[in-house]
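So the chains spell out like this:
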Amino acid sequence: MDPILQAYFSNRRSFVSICPSCKQSYEFSPDCFPRTPRPSVRHECACGRAFSVVPVGLRSCYRKPVNLMGGLRKQTDAGKIQVPCTILDISPRGLQVSTEAIKSVVVNDTVVMTIVLDDKTRSRLTVQCLVRRKMLEGPMMVLGLEITPAVGAHTDILTTYTVGEPNGHTTL
Ligand SMILES: [Zn+2]
């Protein structure tokens, strides 16, 4: 059994760990870890030591690619009808959606998102999100959304949905 080496999520959307003996740092993409409840990968450092690299918090940042229906509206547009959107990927912390361009939605706006999952019970979630990114693609826009607050009623549902059942069976 190799010693465990923790890898921390960086602002470059990858996991970084540092070899304790030679101080060499390594980056791991979230995609290189198996979709299991306790993911790890074996890594051999250039200095010859081998580790079992464990991504700290991977569960909360891995985004599952999906094609789900949803709806969104600006929080300040209370009572207005939601604009339909397609959810492109989702994690317990955030999601990326594609929708008809809405001029009034800008970065740092708060939007109210309705998400309909394709799980057994077709869970329906309503969450508040902060707009982190906005990209225009012709008549469409793609929004990067961060769910706020980070932990809430949605967390367990989305963790189960994106990572799989706790018994090790994954939904991917
Ligand atoms: Zn090393």
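On a predicted model such as this, the values are computed, not experimentally measured, just so you know. Counting starts from 1 at the beginning of each chain's written sequence and moves along it residue by residue. In keeping with the model being predicted, local features are shown solely for residues with a pLDDT of at least 70 and side-chain atom pairs are shown and tallied solely at 80 or more, while totals for entire chains, interfaces and linings include all residues.

Moving on to the sheet that holds strand E4 (residues 41–44). Here 5 strands make up an open sheet; going across it, the order is E3-E2-E1-E5-E4 and the pairing mixed. The two strands at the open ends of the sheet, each matched to only one other strand, are strand E3 (25–28) and E4. Averaged over neighbouring strand pairs, the angle between their axes works out to 35 degrees when direction is ignored. Bridge count between strand E2 (residues 15–18) and E3: 4 bridges; the pairing is antiparallel. In the sheet register, serine 17 faces E3, and the bridge partner there is tyrosine 26. Each pair of strands is called paired provided DSSP finds at least two bridges between the two strands. Helix and strand assignments follow DSSP, with helices taken as H or I runs no shorter than four residues and strands as E runs no shorter than two, numbered in order from the N terminus. Axis lines are fitted to C-alpha atoms, over the contacting stretch for helices. Their N-to-C directions set the angle, which ranges from 0 to 180 degrees.

So, on to the environment of serine 52. Looking at where serine 52 falls in the secondary structure, it is placed in strand E5 (residues 50–56). Between the C-alpha atom of serine 52 and that of lysine 103, which follows or precedes it by 51 residues, the distance is 47 Å. Here, residue contact means that the backbone-derived C-beta atoms of the two residues sit within 7 Å. With near-sequence residues (within four places) excluded, serine 52 lies in contact with Asp2, Ile4, Leu5, Ser40 and Arg42.

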